[in-house]
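# Structure at a glance
Chain by chain, the residues:
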Amino acid sequence: MLPVDDELPDKKSCIQCGKLIQQNRDFCNQCGARQSVQNSTKPVNSWGLLQQAGLFFGIDIVVCALAQFVDALKTFSFFLFSDIIMAISAVLFFCINWKENKILLTWHNFSWQKLAAYGAIAIAGQVLVHYSVDWLNLVVYSKDEDYVQHLNGSFLGAFFVVFFTAVMPAIFEELGYRGYLLQTLLKIADKEQAIYITSFLFAFIHMSFISLFWLIPFALFLGFVRIKENTLWYGVFFHFCFNLTACIFQLL
Amino acid sequence: MPPAPPPIIRCDACFKEIENEDVFCGHCGYPLKGTKVEQSSFISKQNKVDYYKAEIKKKVENRIDKGATTLFCLAGLFILAAIIGFFKLQDNPQVLAFVIPYLFLGIIFLLLGEYSKKKPLVCFVSGLCLYIIAELYDIVENPQASLLGIITIIIIIVFLVLGIKSAVEIEQIKKENNIS
């Protein structure tokens, strides 16, 4: 006997005449009405959105370039200032589209196993990066080292190093790049291109050509995790573990 | 004897499988039980849509080719600069410090040009950022700027921004017409 396909769940009712039709049909076979609501959302102003994303990235790159190239600004207070500017800009841009972005701050698929797995990958990744950089005998100038220079010695110093190199970037870089920027680019281009662009831009603000070899894979991984899990928090935790391991290497 | 399986009926417009009692095709909306006039007007409309989609696809491909040419030109410019620099500074001990970054940029832009046929937006955005950062390094190393140098930088940036703009338009057209 042929299966009775009325019992199968893959049926929907026609949006016009209400008769039951198969789920994968584009048209109703009784009244001929098209089933998909075609481009019902208002058209996206892609070029405008891209310029907005450009402003976000421009602020970050100006701050980073000043810290990198202007010798007079290589002070602790300017590092503090640049971190605060970048954090504020990430939060503000994230809030521009609060209604659509707030879903990223939820964490419905929380699981300890996943969290532990991401943490372990992050620590393993940092160990690999640390030793490969050592092995290549490359000196990577980064802000982190300057923090260590300024704050070395005391317990409070170590606390500040952890706060400014592990906690702050983990939260605000994720909010800005995997949050605002990726979300905006998803409206302009397809998933893959959006992830690639965010990752390249994220790697570029670190202003170190040598570090690109690990920054780009790191950022790509974070981008794919963010898309797969549909929450920012796994990325934040991954980023935190990665940077914390780097901190521990430097403090030891 | 088991009953013979019912023969498969196909739609006249899209040739996909349909049921005998269907009034319209569930796949393309063809009026199976409509009059001859309704059916032929459906077919001609469908042909128009196909033609329109093909035209848009051609336009998109044309634009992508133009964008790739811009990136290849830049790659050529960087490699040329590296070669000229090499012969000009041959006796200078710092010749490699000048040649290698330009050669590196040239190779990167060659790759970007090749890849831009598939993913134009990625290639133009990263091309622009790489170029700006490379120029920043250059300006910090050699602060004495020449007018010609500044004009070249501006022209290249304008070209790359135009490339980004047309890549965005391509993405928009792709999204609106479901072309992948």
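Computed from a predicted structure; not experimentally measured.

About the thresholds
Residues numbered from 1 in each chain as written. Chains lettered and ligands numbered in written order. Predicted model: local features only at pLDDT ≥ 70, side-chain atom pairs only at ≥ 80, totals over all residues. Helix = DSSP H or I, 4+ residues; strand = E, 2+ residues; numbered from the N terminus. Buried ≥ 20, exposed ≤ 12 C-beta atoms within 10 Å, placed from the backbone. Contact = placed C-beta atoms within 7 Å. Core = buried A, V, L, I, M, F, W, Y, C linked by C-beta atoms within 7 Å. Expected span 1.5 Å × (residues − 1). pLDDT = per-residue confidence, 0-100. Axes fitted to C-alpha atoms, helices over the stretch in contact; angles between N-to-C directions. Parallel < 35°, antiparallel > 145°, perpendicular 65-115°, else oblique. Left-handed = near helix turned anticlockwise from the far one by under 90°. Nonpolar A, V, L, I, M, F, W, Y, C, P; charged D, E, K, R; others polar.

## Digging into the overall build of chain A
- A count of helical and extended segments in chain A gives nine helices and two strands.
- In chain A, the succession of helices and strands from N to C terminus is β-β-α-α-α-α-α-α-α-α-α.
- Buried positions account for 31% of the 252 residues belonging to chain A.
- At a minimum sequence separation of 6, the contacts of chain A that also span at least 24 residues come to 61%.

## Considering the nonpolar core
- Core analysis: the biggest nonpolar cluster contains 67 residues, and L181, L185, I197, L201 and F238 of chain A together with L121 of chain B have the highest contact counts within it.
- Per element, the largest residue contribution to this core is 11 residues, and it comes from helix α6 (residues 155-188) of chain A.
- When residues no more than four places from it in sequence are discounted, the contact partners of L121 of chain B are A189, Q193 and I197 of chain A together with A167, V168 and E171 of chain B.
- Within the second largest apolar cluster, nine residues are counted, among which are I21 of chain A together with F24, Y30 and F42 of chain B.

## Re the interface of chain A and chain B
- Between chain A and chain B, the contact holds 24 residues from the first and 24 residues from the second.
- Those elements that provide at least two residues to the side of chain A that touches chain B are β2 (20-22), α1 (46-69) and α7 (191-204) of chain A.
- With six residues, the top contributor of residues to the side of chain A that touches chain B is α7 of chain A.

## Remarks on unusual backbone geometry
- Not every positive phi belongs to a glycine, and N230 of chain A is a case in point at roughly 60°.
- Structurally, the position occupied by N230 of chain A is in the loop between α8 (212-229) and α9 (233-251).
- With a phi close to 60°, F15 of chain B is a non-glycine residue in the positive phi region.
- Structurally, F15 of chain B is set in the loop between β1 (9-10) and β2 (17-18).

## A short note on α9 of chain A
- Counted at 1.5 Å a residue, the expected span for α9 of chain A with its 19 residues is 27 Å, and the 26 Å between its end C-alpha atoms agrees.
- For α9 of chain A, the complete set of buried residues consists of Y234, G235, V236, F238, H239, F240, C241, F242, N243, T245 and C247 of chain A.

## Some words on the confidence of the model for chain B
- Confidence in the prediction of chain B, expressed as mean pLDDT, is 82, and 94% of residues score 70 or more.
- Here the prediction assigns the complex a pTM of 0.75, and the interface score ipTM is 0.72.

## Section: the packing of α8 of chain A against α9 of chain A
All names here are of chain A.
- Close contact between α8 and α9 brings their axes to 8 Å; oriented N to C, the two are set at 150°. When the axis of α8 is compared with that of α9, the two are roughly antiparallel. Along this stretch, α8 crosses α9, giving a crossing that reads as right-handed. Only Y234, G235, F238 and H239 of α9 make contact with α8, whose side of the interface consists of L222, V225, R226 and E229.
- Class assignment for the residues of the contact of α8 with α9 results in four nonpolar, two polar and two charged.

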